[in-house]
Amino acid sequence: MTNPEEEKVTEKKSLNFIEAKVEEDLSKGKNGGRVQTRFPPEPNGYLHIGHAKAICLDFGIAAQHGGVCNLRFDDTNPTKENMEYVDAIKEDIQWLGYQWGNEYYASDYFQQLWDFAIELIKRGKAYIDEQSSEEIAAQKGTPTQPGVESPYRNRPIEESLDLFHKMNNGEIGEGKMVLRAKIDMANPNMHFRDPIIYRVVDTPHHRTGSKWHAYPMYDFAHGQSDYFEGVTHSLCTLEFVVHRPLYDLFIDWLKEIRGEGDNMDDNRPRQTEFNKLNLNYILLSKRNLLILVNEGLVSGWDDPRMPTICGFRRRGYTPYDALNDFALMESAIREDLNATATRVAAVVNPVKLVITNYPEGQLEEMEAINNPEDETAGSHKIAFSRELWIEKEDFMEDAPKKYFRMTPGNEVRLKNAYIVKCTGCKKDENGEVVEVYAEYDPDTKSGMPGANRKVKGTIHWVSYERCLEAEVRMYDRLWKVENPRDELARLQNEGKTSLEAMKEMMNPNSLEIRPVCYVEEFLADAKPLDHFQFQRIGYFTVDKDSTSNHLVFNRTVALKDTWAKTM
RNA sequence: UGUCCAAUGGUGUAAUGGCAGCACAACUGACUCUGGAUCAGUUAGUCUAGGUUCGAAUCCUGGUUGGACAACCA
């Protein structure tokens, strides 16, 4: 489904920019001619469409240069991470069509990172601080003001060494002490102001259990992990630009300690940043997605309205669409499914149509083309009878001039069947239309010469006697606002919590369940993730909740509807 | 009164000193047994003021606007 040529389209500028660097390094003979990347998720949530971009780049760059891309879980915070996320992340990457080389974990390097930290303390480049987080934060200064040095900054090395061991064997409670790198409290880059590199966490780790109590911070683990693995090109988002000098410094120190000081420039990860994905009507903050899930505002991480990979999958997107062009996903999925989805008839807002001059009890098998865009797709049969279900919207008693559907005196074509003339309707005591009447012209059956008459409108239908009941879930965008991230920030400034703000921003029509719809019998054997076009309505996929007794379809995306626009 | 990053039609982008192009969206029309698809066409852009240059979206300077950075998160 995906190949490197396709991915090139996704982020041409960034990719060329990154590619240029890779080629330059290759031409200089750096890294012994190796190209190695990695995709480094934290297993604390499900992958979303923003990660898909990173996956494309990480795997794509490696593949294009004959290199390898490994999967590394940056699992340095046991309070948020677990194996459920590890498994889901792996499944999603594979669904996207990628296969990593090795599977690594930052926790694999805890010993090496510990040894490195010990060495830094011994060399006077790190110290134990026992101030509160508030005190440390206050001393950090601001981006425009230099910070103040900690009173513990110059404590004896032996003391720090001893306390660091105590941090790790459980003698020191959480929040009581941290290990800080001794760099420069006045540096304009905040990350250089004696960053915390180790803290105490008493929650057991999902892989290392209770072996460790002192855990490295991300900034002390990420760059070194890349280095330990031999990563040559470390791709990440723009927000990490300011972290890069710190990572470089740690690698410098590590190289010196390892006696590679004469070879500082080669065989070390080179970080290149790319722009984060930002899509209209989509919120990609993991923290807030987690709130949506935990508070039950959506049905789970794979709710078809979620911007997660598994959400898109359940919604009916294909890996191709998710990767082809993020910004144009709706257009991409229509183009894709237009070419591939089997056309079927489904009535999602039913009203009965009676063909009054069609013999009672008679049944005909009509031929239905599976896909007019693909001659090789063949056709299937659909049952036609005197009584049919049609859409309520396809009948109007008093219709405007440009209305081409059922209205008394008007002719319409029943798709794949006959041309009929509307004769009227029956209403209940509330004035609600309960039955529509029409007469058919027996000479106009599809395929017969008489069918070639010009008729303005064609409507879809299913047989009243020969159809299946189905639940149809009409999904729409989750948010009312175009920039949910900005709106969320605005509402939070007004003092609202994330949850309150998200409730306010949610599109009340993001899910409309139609419990009783009718679909043609052809769909009896449809399997989850099969794609169909419900003619004149949209593209639908079979939900994982669907059973042969209770069919459930999810709307992937509606067909374009120029009529609705002119209304 | 910091450091870093960025600014091209409504949206996403291409052009790396040499004709501002593409896609999506929108709008016309044609065609159509899906008011879909398809086809043809239209509208619409280099943040700003200088400078360098034969020539600037591109290089330089100032300004404006937006973003990132002050978690014992990643």
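Coordinates for the structure precede this section.
Rules behind the numbers
- Residues numbered from 1 in each chain as written.
- Chains lettered and ligands numbered in written order.
- Predicted model: local features only at pLDDT ≥ 70, side-chain atom pairs only at ≥ 80, totals over all residues.
- Heavy atoms only, no water.
- Pairing = 2+ DSSP bridges.
- Helix = DSSP H or I, 4+ residues; strand = E, 2+ residues; numbered from the N terminus.
- Axes fitted to C-alpha atoms, helices over the stretch in contact; angles between N-to-C directions.
- Buried < 20%, exposed > 50% of the residue type's maximum accessible area, 1.4 Å probe, protein only.
- Core = buried A, V, L, I, M, F, W, Y, C linked by side-chain atoms within 4.5 Å.
- Contact = heavy atoms within 4.5 Å.
- Polar contact = N/O pair within 3.5 Å; in protein donor to acceptor, adjacent residues only side chain to side chain.
- Salt bridge = Lys/Arg side-chain N within 4 Å of Asp/Glu carboxyl O.
- Parallel < 35°, antiparallel > 145°, perpendicular 65-115°, else oblique.
- Left-handed = near helix turned anticlockwise from the far one by under 90°.
- Nonpolar A, V, L, I, M, F, W, Y, C, P; charged D, E, K, R; others polar.

Student: I'd like to hear about the sheet that holds strand β6 (residues 196-200), residue by residue, with values.
Tutor: Within the open sheet, the four strands sit side by side as β4-β5-β6-β7. Their pairing is antiparallel. Across the chains shown, the open sheet's two edge strands, defined by having one partner strand only, are β4 (126-129) and β7 (214-216). Recorded for the sheet is a direction-independent mean angle of 25° between the axes of neighbouring strands. When β6 meets β7, the two strands line up antiparallel, connected through three bridges.

Student: I'd love a proper account of the pairing of strand β12 (residues 350-355), names of residues and values included.
Tutor: Where a strand is regular, its side chains alternate between the two sheet faces. Within β12, six of the six residues are buried, leaving the element largely enclosed by the surrounding structure. Side chains of β12 alternate between two faces, with Pro350, Lys352 and Val354 and Val351, Leu353 and Ile355 buried alike. Here β12 pairs with strand β18 (residues 433-440) via four bridges, running parallel. Bridged to leucine 353 within β18 is valine 436.

Student: Now, about the nonpolar core: what can you tell me, with residues and values included?
Tutor: Formed by 39 residues in total, the largest nonpolar core has its most connected members in Phe39, Ile55, Phe59 and Ile93. Within the residue set of this core, elements represented by two or more residues are α2 (12-27), α3 (49-64), β2 (68-73), α4 (83-95), α11 (309-315) and α13 (329-340). Broken down by element, this core gets its largest block of residues, nine residues, from α3. Apart from residues no more than four positions distant in its own chain, isoleucine 55 is found in contact with Phe39, Leu47, Gly60, Ile93, Leu96 and Tyr98. In this structure, Tyr109, Ala117, Met177 and Phe250 belong to the second largest nonpolar core, which totals 37 residues.

Student: Pulling in residues and values, what's your account of the side chain of glutamine 131?
Tutor: On the secondary structure map, glutamine 131 appears in the loop between β4 and α6 (133-139). Residue class for glutamine 131 comes out buried when judged on its relative accessible area of 8%. One polar contact links glutamine 131 to aspartate 129, side chain to side chain, over a distance of 3.0 Å.

Student: How would you sum up the environment of arginine 193? Please name residues and give values.
Tutor: Position of arginine 193 among the secondary structure elements: in the loop between β5 (178-181) and β6. Classification of arginine 193 as buried rests on a relative accessible area of 2%. C-alpha separation for the pair arginine 193 and glutamate 130, spaced 63 residues apart in sequence, amounts to 16 Å. Polar contacts involving the side chain of arginine 193 include one to the main-chain carbonyl oxygen of glutamine 145, which spans 2.9 Å. From its side chain, arginine 193 meets the backbone oxygen of methionine 185 in a polar contact 3.5 Å long.

Student: Describe the pattern of salt bridges, with residues and values.
Tutor: The tally for this structure, following the rule as stated, stands at 46 salt bridges. Measuring nitrogen to oxygen at the nearest pair gives 3.2 Å for the salt bridge that ties arginine 123 to glutamate 119. Note that arginine 155 is salt-bridged to glutamate 130, the shortest N-O span being 2.7 Å. With arginine 155 in the loop between α6 and α7 (157-168) and glutamate 130 in the loop between β4 and α6, this pair connects stretches of sequence that are 25 residues apart. On the accessibility criterion, arginine 155 (13% relative accessible area) is buried. Taken together, the shared-partner salt bridges in this structure form one network comprising Asp302, Arg314, Glu471, Arg473, Asp543, Lys544 and Asp545.

Student: Account for the environment of tyrosine 437, with residues named and values stated.
Tutor: Looking at where tyrosine 437 falls in the secondary structure, it is placed in strand β18. Separated by 12 residues in the primary sequence, tyrosine 437 and cysteine 425 place their C-alpha atoms 5.4 Å from one another. Excluding residues within four positions of it along the chain, tyrosine 437 makes contact with Leu353, Val354, Thr356, Lys421, Cys422, Thr423, Gly424, Cys425 and Lys426. Within the structure, the side chain of tyrosine 437 is placed 2.6 Å from the side chain of glutamate 435, a separation counted as a polar contact.

Student: For the packing of helix α14 (residues 484-493) against helix α15 (residues 498-505), give the residues involved together with the corresponding values.
Tutor: Two elements in contact, α14 and α15, have axes whose closest approach is 9 Å; the angle formed by their N-to-C orientations is 130°. Between α14 and α15, the angle is such that the two are oblique. In the packing of α14 onto α15, the handedness of the crossing is right-handed. Each of Pro484, Glu487, Leu488, Leu491 and Gln492 in α14 lies in contact with α15, whose residues at this interface are Ser498, Ala501, Met502, Glu504 and Met505. When grouped by side-chain class, the residues that make up the contact of α14 with α15 number six nonpolar, two polar and two charged.

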